[in-house]
Amino acid sequence: MPISDSTREQLDELVARYPRPRSALMPMLHLLQSIEGEVTPDGIGACADAAGVSAAEATAVASFYTMYKRRPGATHHIGVCVNTMCGLLGGDAVYDALAQRLGVGHDQATEDGAFWLERIECQAACTHAPVMTVDWEFMDDVTPSSAVDVVDRLARGEEVASTRGPVIRDWRASERTLAFPEDGLAGEGTPVDAKMLAGLAVAKERGMAAPGVPDPAPTAGPEATA
Ligand code: FES
């Protein structure tokens, strides 16, 4: 589907935010997903035009990162971390419960287009493992039953809030935030809690400090090697 003039204007707006046009490629791809629900060949072409790179270069970025989807997904993206910490603490059981509830497997959407399930990699949220994300908002310390409850509440149209962020909107809205972060929601929820700061508290109690950064090694040259 051809890319609209409005979308192209927004792509140009993103390019103008970065010192080098190609640096805007990743937010541009998120913007496309927020508007079109996927990254299409026409969308990749529009990004390439705006960033001044070849379609092959833009395709390389779009096909490397799993957050970029080359086919339509669903209203809500459900990610379940199954990396080491989350896996050890029950991430696979959470994934299995959700797969059974939704009747889909990895990277599949439900027939009604409401949910889309994906095994995901570490979200740097291991403090609250096992972690699941809904439209990239965190749900911390989930269990199989609490994860299914989140999906049930969303399916009933109830308001569901991230355990440390804003009320869940939908995947496309989150994708727009990844392109244009000024959504006014940065102050929502409780982004930092005592569990996250526990290590810092122990370090302070014990008077521990990080080692200093060593001076850079001298540049090799005639004097340094003499
Ligand atoms: S291993 Fe799951 S958030 Fe790090």
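Nothing here was measured: the structure is a model prediction, and the numbers come from that model.

(A) Representation of the packing of helix α3 (residues 41–51) against helix α4 (residues 55–64) within the structure. Close contact between α3 and α4 brings their axes to 8 Å; oriented N to C, the two are set at 115°. For the element pair α3 and α4, the recorded crossing hand is right-handed. Between α3, through I44, G45, C47, A48 and A51, and α4, the contact on the second element is made entirely by A55, E57, A58, T59 and A62. Its residues placed into classes, the contact of α3 with α4 shows 7 nonpolar, 2 polar and 1 charged.

(B) Structural context of the domain arrangement of the chain. When the domains of the chain are assigned, the result is domain 1 (7–64) and domain 2 (76–179). In this structure, domain 1 and domain 2 have C-alpha centres spaced 27 Å apart. Every contact between the two is made by 7 residues of domain 1 and, on the other side, 5 residues of domain 2. Ranked by residue count, the leading element in the side of domain 1 that touches domain 2 is helix α2 (residues 25–36), at 5 residues. Of the residues assigned to the side of domain 1 that touches domain 2, the class counts are 3 nonpolar, 4 polar and no charged.

(C) Local environment of the environment of E9. Looking at the element boundaries, E9 is found in helix α1 (residues 5–15). Each C-alpha atom of the pair E9 and M196 lies 40 Å from the other, and the pair is 187 residues apart in sequence.

(D) Spotlight on the packing of α1 against α3. At a closest axis distance of 10 Å, the pairing of α1 and α3 adopts a crossing angle of 45°. On the basis of the axis angle, α1 is oblique to α3. At the point where α1 passes α3, the crossing takes the right-handed sense. Here T7, R8, L11, D12 and V15 of α1 come into contact with α3, specifically with A46, C47, A50 and A51. Each residue belonging to the contact of α1 with α3 can be placed in one class, and the counts come to 6 nonpolar, 1 polar and 2 charged.

(E) Fine view of unusual backbone geometry. Here A129 and P130 are connected by a cis peptide whose omega angle stands at -5°. For P130, the position within the fold is in the loop between β3 (115–120) and β4 (132–134). Positive phi, close to 50°, is recorded for D141, a residue that is not glycine.

Each value, and the rule that gives it
- Residues numbered from 1 in each chain as written.
- Predicted model: local features only at pLDDT ≥ 70, side-chain atom pairs only at ≥ 80, totals over all residues.
- Axes fitted to C-alpha atoms, helices over the stretch in contact; angles between N-to-C directions.
- Helix = DSSP H or I, 4+ residues; strand = E, 2+ residues; numbered from the N terminus.
- Left-handed = near helix turned anticlockwise from the far one by under 90°.
- Contact = placed C-beta atoms within 7 Å.
- Nonpolar A, V, L, I, M, F, W, Y, C, P; charged D, E, K, R; others polar.
- Domains from an automatic or database assignment.
- Parallel < 35°, antiparallel > 145°, perpendicular 65-115°, else oblique.

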